[in-house]
Structure formats: C-alpha cells, structure tokens
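Structural features, examined
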Amino acid sequence: MKELLNKLKETSLSSVLKAESPEELENLRVKYLGKKGELTSILKQMGKLSDEDRRVIGQAANSIRASLEEAFESRKNQMYEKLLDLRLKLETTDVTVPGSKMRIGKKHPVSIIIDEVKDIFIGMGFTVADGPETELAKYNFDKLNHDENHPARDRQDTFYFSEDDNILLRTSTSPVQIRVMEMRSPPIRVISPGRVYRKDEVDATHSPMFHQIEGLVVDKGITMGDLKGTLNTLIERLYGSDAKTRFRPHHFPFTEPSCEIDVQCFECGGEGCRVCKNEGWIELLGAGMVHPYVLEGCGTDSRVYSGFAFGVGVERMAMRRFNIPDLRMLYENDMRFLDQF
Ligand code: DAH
C-alpha cells in the first residue's frame, strides 16, 4: 500500500505540474482528491490494516494530500500570473501618443444674444419668465386686445392645432405678459425669451420659427419716460453709448400709445446704405404703454397701475450684431459658420 501511495504521489504531482489550463487542473483535482478519487479509494482499503500500519499509512496519505493541495494552489497561481502578464502586455497604453480631441460645442449666436439681453435686464432688477409655445387663442389674441377680425388671427398667418381655432403655436412672446399678470400682482418686472411661430415662407429675412424677447413692467406711476430710459439702456449696452435711437408712433392692439424704436444704422451712420436699405435707421423693436383693457382683463386696476411692454426679435439682433447676411445661416447648423462666434 505504501508503494501504491508513493506511485500516486509521483504521477499526480508530475501531472499537476504539467497541467496547462484551469479546466485541466480541476479535472486532475477530481481525479486525485475527489470523493471517488484515487487517494480516497486507497484510503478506503485501510480498514484491513493493523493499527500500526494504519497509523503509518494514514500519515503518509495526509502528507500526500497536503503536498498535492499545495501543488494545485501553486500551479493555479502560476497560471493566473501568466494570464495577467499576457493581459498587461496586450493592454499597454502608450501615454505619449497624442489623444484624439473631443469637439467642444459653442454657444449659438441666438443664445449669445438672449444671454446678453438677460444679463442686462437682470442687472436692472428684472426676473426671467417662461411661457408655453403651444398657446390658447385666449392668451395669444383675446386677452391681448385683438378684436374678432384682427388680421393676425388669419389661418394664413397662424399655425392652429384645433378645428375651433382655440389652440395654436404662439405668434409672439406677448401672451407671457398675460400669464405673468394673472399669476403675480404688481410691481412686475419681467422679460421672457422664447420661440414664436408664423406661417412665413423661408427667405433671407423670414422663418416660420424665430425668437423674441418680451418685456413687461407694471407698477404705480410707470410712464413713457421709464420705457424710453429702460430701452435706451438696452440699446446702449448692446450697440455702444453713441448709438442713436428714434421712437416712431405705431399701432399694437395691446399697447396705447404704441411705438417702434429704430437705431441709427451702425454701417453708414445714418447716411443710407445697403444694410439699412437707404433708410439711415434700422427697426429694432415694438413697444408701448400696456393698454388699460389688457391690465383690467388680468385683474389689475388700471386707475392705480400702469405699465410698459416691449418685444424684440432675436435673430434680427444677432444678424445686425454679427453682420450675418442671411437668416437661414442661423438654422443650418454648419460648424464652419457657427465656429466663428
Ligand atoms: N408682439 C409684437 C410682435 O410680435 C411685438 C411687441 C410690440 C411686443 C409691442 C410688445 C409691445 O410687448 O408692447 O410684433
């Protein structure tokens, strides 16, 4: 039996040392040390031995088991280290190779203008309000004092969603005025930038979607003087302190009196040129004193409070500011164009 054990020791150890894979190693472990393994089956025959022999053989068997287990462990570690070496070799990174650059986005010119205008007004104590682009006709027209037959309501000009013409894409940011006045009581100082929609054919100066920034101030004793002072500040900050402005009478249903504000052409200084279409002036925004009907319709007492409002087109400002000749360039997302800002 001693001989059997010695032979087992020799063959098992040498096959463990030669094992090439973890699977092979596991098979050998079952073969020698498993429940039905060779060592176990030798030990099962120990019953026939004398006490003395059983002690000797038992010790020998235990020592074989211990050295086999050690051999399995060390072979396993060898395999693991070899694998690790291989992986390290395969996965080395050469940190001196120049990396591939990630392209970093830039602010769109429309966003640059919106952010600048926000900054200017926040500096004057305004907050920024938001309103839905899908609007109710009630807010887009009725409460802004457009009568039943106002041309702006025409299906030719407005994108309607419902048969009854109650739901539409807002045609200006002015409905935000109503939403703000219904929610807050004066004093109110807000601006509201956002997208607006009109059924216009696309050309160098028109797009069915564009951006406006609305402004609204309501308080006791607000006058046309506040309107002029505030908007002159805006224009000076945007176009420099020597920019000249002109206030022209106009008509909007929701303001009385209403005006349009022009800025003297920065290209020709008022002489007349291609940029200002020989006018010497460039139209910048619409404004006026909030109509008493509009104030009352939102539950504001027009004998106590007055206000002014304005609306300005963002694309138009961006085109002037950055000398962009065609509105469509703003929407083409051509990086060669956008990278310049
Ligand atoms: N909503 C006008 C438009 O889209 C712009 C405008 C004019 C807004 C006068 C105002 C305003 O708030 O007072 O053409």
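Presented here is a report on the structure given in the accompanying data block. What you see is a predicted model, and the numbers here were worked out from it, not measured in a lab.

With that settled, consider the packing of helix α5 (residues 109-123) against helix α8 (residues 224-239). Two numbers describe how α5 lies on α8: the axes approach to 10 Å, and their chain directions differ by 135°. Of the possible angle classes, the one that applies to α5 and α8 is oblique. Every pair of crossing elements has a handedness; the one defined by α5 and α8 is right-handed. Of α8, the residues touching α5 (which contributes E116, V117, I120 and F121) are T230, L234, R237 and L238. Looking at side-chain class alone, the contact of α5 with α8 contains five nonpolar, one polar and two charged residues.

The next subject is empty space enclosed by the protein. The rolling of a water-molecule-sized probe over the atoms marks out the regions of remaining empty space. The tally for this structure, following the rule as stated, stands at one cavity of 30 Å³ or more. Counted as a void, the largest cavity has a volume near 30 Å³. Every residue lining the largest cavity is listed: V176, Q177, V190, I191, S192, E214, G215 and L216. Elements supplying a minimum of two residues to the lining of the largest cavity: α7 (175-183), β4 (188-197) and β5 (209-219). Per-class residue counts for the lining of the largest cavity are four nonpolar, three polar and one charged.

Reading across the sheet, the seven strands line up as β1-β4-β5-β9-β8-β7-β6 and stay open at both edges, with mixed pairing between neighbours. Looking at strand neighbours, the two that pair on one side only are β1 (127-128) and β6 (245-252), the edges of this open sheet. Two strands pair when backbone bridges link them, and β4 and β5 are joined in this way by 10 bridges, in the antiparallel orientation. Counterpart to V196 in the pairing with β5 is F210. Running at roughly 170° to β4, α5 makes contact with β1, β4, β5 and β9 (306-313) of the sheet. Contacting β4, β5, β8 (281-290) and β9, α7 crosses the sheet at an angle of about 35° to β5.

For the rest of this paragraph, the subject is the pairing of β5. Among the 11 residues that make up β5, 11 are buried, leaving the element largely enclosed by the rest of the structure. Side-chain alternation along β5 places M209, H211, I213, G215, V217 and D219 on one buried face and F210, Q212, E214, L216 and V218 on a second face that is also buried. With eight bridges connecting them, β5 and β9 associate as antiparallel partners. The residue of β9 that forms the bridge with D219 is S306.

Taking 1.5 Å per residue as the helical rise, helix α2 (residues 22-33) with its 12 residues ought to reach 16 Å, and the 16 Å between its terminal C-alpha atoms agrees with that figure. Here α2 has its buried residues at L25, L28, Y32 and L33. Within α2, the buried residues cover an arc of 95° as seen down the axis, which keeps them to one side. Seen from the buried face of α2, the exposed residues on the opposite side, beyond 90 degrees, are E23 and N27.

Here is what the cut-offs are and how they apply
- Residues numbered from 1 in each chain as written.
- Predicted model: local features only at pLDDT ≥ 70, side-chain atom pairs only at ≥ 80, totals over all residues.
- Heavy atoms only, no water.
- Axes fitted to C-alpha atoms, helices over the stretch in contact; angles between N-to-C directions.
- Helix = DSSP H or I, 4+ residues; strand = E, 2+ residues; numbered from the N terminus.
- Parallel < 35°, antiparallel > 145°, perpendicular 65-115°, else oblique.
- Left-handed = near helix turned anticlockwise from the far one by under 90°.
- Contact = heavy atoms within 4.5 Å.
- Nonpolar A, V, L, I, M, F, W, Y, C, P; charged D, E, K, R; others polar.
- 1 Å grid on protein atoms, 1.4 Å probe; cavity = no way out; pocket = protein on both sides within 12 Å on 5 of 7 lines; lining within 4 Å.
- Points joined across faces, edges and corners; volume = space filled by probe spheres on them.
- Pairing = 2+ DSSP bridges.
- Buried < 20%, exposed > 50% of the residue type's maximum accessible area, 1.4 Å probe, protein only.
- Expected span 1.5 Å × (residues − 1).
- Arc of directions from axis to C-beta.

Shape is all these values report; function is a separate question.
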